[in-house]
Every structure is written in structure tokens, then in C-alpha cells.
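Descriptive structure summary
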Amino acid sequence: MKSISLVFLCCLSMLLGACSKGTDADAKTPEPAAAQITTTTTPDSNLAPPQGTPIPPEPTALPAPTEVKRSLYDPSIFVIEAKGSWQIEIAPGYFADYECEIYLHKIDANDNRAVAGSYQGVFWMQTSLDTAEYIKEMLGDVPIDMSFDAGGEAVSDNLGISLNTSDDKAWTDYSILGEDGNPLPLTQDTPVGKGSFVAIAKEIYLVAKAQGAQGEKVDYSSNEGSGDEVDINYVIHVEPDEMESGNTRKVTIHLSGEGFSQVIEGEMRRLPGTTEDVSDYLNSPAYQNSTWSKLQ
């Protein structure tokens, strides 16, 4: 009985020793399946990455390029055109007919966003006499045919004016009288200018012809007075636009000189003014056929 117990104890001891060795071996040997998962498994984009793995940022879509459009107003060329015609009665039936044009522009890369500033341009005025009624009344029943024509031009091809809104209009008289004899509306925001310039007389002519009943004739003509200087005063108003947003504005100019005083009206236009636009403007028919063409 004792021998059986000893054998049983020995077998039990051997069995327990084998089991403990097997357990230690299992604990020390890495599981191949776990290693396979770590090294070969392809990540699923729909599954969250392992804890602690940084998430790469989604690529940012670049915005589609937008078309750059050139603004009509910035930068700009400012153009002023005004013209008028009127008649003055010198004596009963004796008239002087006037025609006048002014063309100005401001092309200034450093000052091309507001109407105020310095303008350069040209002035042209033509005068002709209408004496038919006067001569007819003067001759009465005298059997003589007579005609008398005279006229000429005055031009300034380097006219310069300055527009501003900064002057205190209570101290400087910028008033222009309207047809009703009252001053035209004038606000602090109204761009104004005032001054004088010299125009040169040219193409002055005088032609007198007469023929009597007996065949008597008078035929006289002259071309004198060219080169004389004519002093002309001006006051100019441009319709106010505090926001500088409009592309057209009304212009009113009062001109005065020896023998005349007249108000003419026109328009200020705002045109694109980039370097390319300036070249196009100077070569445009509108500029080539403006008042400048009358000096050629």
C-alpha cells in the first residue's frame, strides 16, 4: 500500500512538473496570429485608426480662380466737353454770332480717382458778323448792292484749369447767374474753378463789296489782326458727387471777355484710365475729332 502511494505521488509530481513547463512555454512564446495582424492587415478607411495614431488632414481644395474685371472708375480719365452758341445785337439789325467749344481732360496717374485736380485742354471760339439787315436799312432806296462780312477765331491750345472742393465759397465768388438772373445752386461739395486765360486771334477776315447802278464797284478784303491776344475770364461748376460714383456729370461754364458774357453747358465723363486705356483714349476717334481738330 505504501509502495502504491509512493508511485502515485511520483506520477503526480511528474505530471505537475510537465504542466508547469508547458504553461511557461506558452507564456513566453508570442502569438503568431497577433504579429500577422499588426504587420499585414490593410487598414479600412471606414474604421477608426488605432489609439494614438495621428489622423492626416484632409487635403484642402483650392478655390477656383475668379476673373479679374477692370473697374470703370478706378483709375480714371476725366473729360470735360462744353459748347455753346449765341448772338449779340451790336446795333439794330447788326449782329455778332458766336460759337464756342472747350475740351479738357485730366490724365494723372497720381490723381485719377476724383474729379478735383488740374486739367489741360483747348479753347476755340469763332465770331462772324451778320450785317445784311443793317445795310439794307442803312441804304434805303439808294440803288447800291452792298455786302459786308467779317469774322475770325480765337484759340488757346494750352488751356489749364484747376477744380477743387476745398475753397470756402463764402470768401471766393464762384457764382454763375442763371437765365432768371439768380445764382445757380452751389454747395460745398460742388467742384469749382475760377480764373482767366489768353486766347490768340487767328483767321481774322474782312470782306466788303458794293456795286452801284452805274457799274461802280468796291471790292475790299483783308486778313489782319491775327496774333492779337484776347483775355477771357471763366468760372466753372461741375455737378457734385461726393461718392465719386457717377460716370457723367453736368458742367456749367461762364465765359466773359471784351464784348461778350455767356454761360455754356456741357458734360464731364469718367473713362477707364489704366496705361492701356490712356493709349486707346488718345488714339480714339472721339478724341481725334474733338475740339482739337478745329485747331488743325
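Relevant structure appears above.
To start, this report covers the structure provided alongside it. Remember, predicted model here, so these are calculated numbers, not experimental data.

Overview of the side chain of N164
Relative to the elements of secondary structure, N164 occurs in the loop between strand 4 (144-163) and strand 5 (192-212). A polar atom in the side chain of N164 sits 3.1 Å from the backbone nitrogen of S166. One polar contact links the side chain of N164 to the main-chain amide nitrogen of D167, over a distance of 2.9 Å. Setting aside chain neighbours within four positions, we find N164 in contact with A116, Y174, T190, P191 and V192.

Side note on the nonpolar core
With 29 residues, the main nonpolar core has I80, F123, I253 and L255 as its most contacted residues. For this core, the secondary structure elements donating two or more residues are strand 1 (76-91), strand 2 (94-106), strand 3 (117-130), strand 4, strand 5, strand 7 (229-238), strand 8 (248-257) and strand 9 (260-272). Counting residues per element, this core draws most heavily on strand 2, at five residues. One finds V79, V122, Y281 and Y287 within the second-largest nonpolar core, a separate group that totals seven residues.

Concerning the packing of aromatic side chains
One pass over the structure, following the stated rule, counts nine aromatic pairs. Taking 5.8 Å as the distance between ring centres and 40 degrees as the angle between the ring planes, the aromatic pair formed by Y98 and F260 counts as tilted. Of this pair, Y98 sits in strand 2 while F260 sits in strand 9; the two residues are 162 residues apart in sequence, bridging distant segments of the chain. Taking 6.0 Å as the distance between ring centres and 65 degrees as the angle between the ring planes, the aromatic pair formed by Y103 and Y287 counts as edge-to-face. Taken together, the positions of Y103 in strand 2 and Y287 in helix 5 (residues 285-288) put the pair 184 residues apart, joining distant regions of the chain. A relative accessible area of 15% places Y287 in the buried class. Aromatic rings pair up to connect Y103, Y281, Y287 and W292 into one cluster. In this arrangement the basic side chain of K294 is found over the ring face of W124, its NZ or CZ atom lying 4.6 Å from the centre.

Re the pairing of strand 1
The sheet contact formed by strand 1 and strand 9 spans eight bridges and is antiparallel. Pairing of S76 across the sheet is with P272, part of strand 9. Pairing of strand 1 with strand 2, which is carried by 13 bridges, proceeds in the antiparallel orientation. Across the sheet, the residue bridging to Q87 is D97, located in strand 2. Linking strand 1 back to strand 2 in an antiparallel pair, the connection comprises two residues, with G93 at a positive phi of about 80 degrees.

Some remarks on the pairing of strand 4
Summarising the sheet, strand 3 and strand 4 pair through eleven bridges and their orientation is antiparallel. Bridged to Q120 within strand 4 is G160. Here strand 4 runs beside strand 5; their pairing, made up of eleven bridges, is antiparallel. Looking across to strand 5, one finds that V155 is bridged to I200.

Quick look at the environment of F123
Among the structural elements, F123 can be located in strand 3. Among the residues examined, F123 registers a relative accessible area of 0% and is labelled buried. A C-alpha to C-alpha distance of 7.6 Å links F123 and T291, two positions 168 residues apart in sequence. Sequence-distant contacts of F123, defined by excluding residues within four places in its chain, comprise C100, E101, I102, A154, V155, S156, L159, F197, A199, I232 and L255.

Conventions we followed
Residues numbered from 1 in each chain as written. Predicted model: local features only at pLDDT ≥ 70, side-chain atom pairs only at ≥ 80, totals over all residues. Heavy atoms only, no water. Helix = DSSP H or I, 4+ residues; strand = E, 2+ residues; numbered from the N terminus. Polar contact = N/O pair within 3.5 Å; in protein donor to acceptor, adjacent residues only side chain to side chain. Contact = heavy atoms within 4.5 Å. Core = buried A, V, L, I, M, F, W, Y, C linked by side-chain atoms within 4.5 Å. Buried < 20%, exposed > 50% of the residue type's maximum accessible area, 1.4 Å probe, protein only. Phe/Tyr/Trp six-rings, centres within 6.5 Å; stacked < 30°, edge-to-face > 60°. Lys NZ or Arg CZ within 6 Å of the ring centre and 35° of its normal. Pairing = 2+ DSSP bridges.

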